[in-house]
Amino acid sequence: MNATNPAPAHASPPAWQRPAQAVGYVLFLALVILMGRDVVAGIGTFGHGWQLLALLVAGYLAADLLSGVVHFLADNFGSETTPFFGPGFIRPFREHHTNPLGIVSHGFWEANGNNVLVSVPVLAPAAFLLPTRESAWAHLLGSFVLFMMLAVFLTNQFHKWAHMESPPRVVRMLQASGLILSKSHHDVHHTSPHNAHYCITLGIWDPILERTRFFDRLERAMRRWLPGMDPVSRVEREQSAHG
Ligand SMILES: [Zn+2]
Ligand SMILES: [Zn+2]
């Protein structure tokens, strides 16, 4: 889609999305408090200090990589009519290419609601099944999962800030210091055909993923080996449609 084409009409969000997100926020907050208490309690029990700092960094980097993989899948596979995932999860990614500034008008709850929904099914088993207070390895694993999912939660907020003309000063400082996704980095994804710089937490994996042609190889393998896949890619389809 180039700049002169009008944005196509998009389906409205499914009716279940807002109520589900409201429930998701309550569950997410409860699970973060539950896990946060276990993680803090375990610090004294197991004497983990620098390990948690290392896991904080690891969790943040893992969330960035995850953001790239999920974004790549949502941009290139399925459609807005795919059952369940289409209207609620694929649609916002596709719509974002034709209306990149739409995200700026989304309030905090709307912008981050989907990330809450994907975080709850990961946090819940970690909160209830891991013996975080009793075992040292479970304390480390639980801490990693908590840090990673907090970063996943913040990802679309960072993404939204990368689209704002003048975000708050502290955000500009974080962007300039390379701690969160910057506007100049993310702008690369918004140049046609939208097949580079998929990571939207920080973007640190993008050069590595592109040098190794990771997503090209993954897409080719998926289209070749997974049943029912369209052999023509989204990028090929868009390029032939625009001559
Ligand atoms: Zn995209
Ligand atoms: Zn964007």
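It should be emphasised that the depicted structure is a prediction, and the values quoted were computed from it without experimental measurement.

Bringing the overall build of the protein chain into the picture now. Helix and strand content of the protein chain: 10 helices and zero strands. Listed N to C, the secondary structure of the protein chain is α-α-α-α-α-α-α-α-α-α in terms of helices and strands. The C-alpha radius of gyration computed for the protein chain amounts to 19 Å, which stays within 12% of the reference 18 Å derived for 243 residues, consistent with globular compactness. Projected onto its principal axes, the C-alpha positions of the protein chain cover 65 × 45 × 40 Å. Taken over 243 residues, the protein chain has a buried fraction of 31%.

Of note, the amide linkage connecting Ser192 to Pro193 takes the cis form, showing an omega dihedral of 10°. Here Pro193 is to be found in the loop between helix H7 (183-187) and helix H8 (206-211). Despite not being glycine, Arg213 has its phi angle at roughly 50°, a positive value. If you trace the backbone, Arg213 turns up in the loop between H8 and helix H9 (214-225). Since 11 C-beta atoms lie within 10 Å of it, Arg213 is described here as exposed.

A few words on the nonpolar core. Judged by nonpolar contacts, the single largest core of 22 residues is most densely connected at Leu123, Phe147 and Met148. Take this core: its biggest share by element is nine residues, from helix H5 (residues 136-163). If we ignore the near neighbours within four places in the chain, the residues touching Phe147 are Leu55, Leu56, Gly59 and Tyr60. Counting 12 residues, the second-largest nonpolar core is a separate cluster that includes Ile180, Cys199, Ile200 and Trp205.

End to end, H5 covers 41 Å across 28 residues, agreeing with the expected 40 Å (1.5 Å per residue, within 8%). Along its length, H5 reaches its greatest deviation from straightness, about 35°, at Leu154.

Another point: the confidence of the model for the protein chain. Atomic detail in the predicted coordinates should be set aside for any region of low pLDDT. Of all residues in the protein chain, 95% have pLDDT values of 70 or greater, and the mean over the chain is 92. Below a pLDDT of 50 lies the segment residues 1-9, which in the model reaches seven contacts outside its immediate sequence neighbourhood of four places, other chains included.

What follows deals with the packing of helix H1 (residues 17-46) against helix H4 (residues 108-129). Packed helices, taken two at a time, are described by the angle their axes make and the gap between the axes. The geometry of H1 relative to H4 is characterised by a closest axis approach of 8 Å and an angle of 40° between their N-to-C directions. One finds that H1 runs oblique with respect to H4. Here H1 runs over H4; the crossing is left-handed. Between H1 and H4, the contacting residues are Ala20, Gln21, Gly24, Tyr25, Leu27, Phe28, Leu31, Leu34 and Met35 on the first element and Gly113, Val116, Leu117, Ser119, Val120, Leu123, Ala124, Ala126 and Ala127 on the second.

Reading the values: the criteria
- In this numbering scheme, every chain counts its residues from 1 along its sequence in written order.
- Labels follow written order: the first chain is A, the first ligand is 1, and so on.
- Where local features are concerned, this predicted model is filtered to residues with pLDDT of at least 70; where side-chain atom pairs are given and counted, the filter is 80 or more; whole-chain, interface and lining totals use all residues.
- Helix and strand definitions follow DSSP, with helices as H or I runs of at least four residues and strands as E runs of at least two, each counted in order from the N terminus.
- The globule rule is 2.2 Å times the number of residues to the power 0.38, and the radius of gyration it is compared with is taken over C-alpha atoms.
- Labels follow a simple rule on C-beta atoms placed from the backbone: if 20 or more others lie within 10 Å of a residue's own, it is buried; if 12 or fewer, it is exposed; otherwise it is partly exposed.
- Defined on buried residues, the nonpolar core groups Ala, Val, Leu, Ile, Met, Phe, Trp, Tyr and Cys residues joined through C-beta atoms within 7 Å.
- Throughout, a residue-residue contact means that the two C-beta atoms, derived from backbone geometry, are no farther apart than 7 Å.
- By definition here, a helix of n residues has an expected span of 1.5 Å times n minus one.
- To get the bend at any residue, fit one axis to the seven residues that end at it and another to the seven that begin at it, then take the angle between the two axes.
- Values of pLDDT, the confidence the predictor places in each residue, fall between 0 and 100.
- In this analysis, axes come from line fits to C-alpha atoms, helices being fitted only over the stretch in contact, and the angle between any two N-to-C directions falls in the range 0 to 180 degrees.
- Convention used here: angles under 35 degrees read as roughly parallel, angles over 145 as roughly antiparallel, angles from 65 to 115 as roughly perpendicular, and any remaining angle as oblique.
- With the far helix as reference, a near helix turned anticlockwise by less than a right angle produces a left-handed crossing, and one turned clockwise produces a right-handed crossing.

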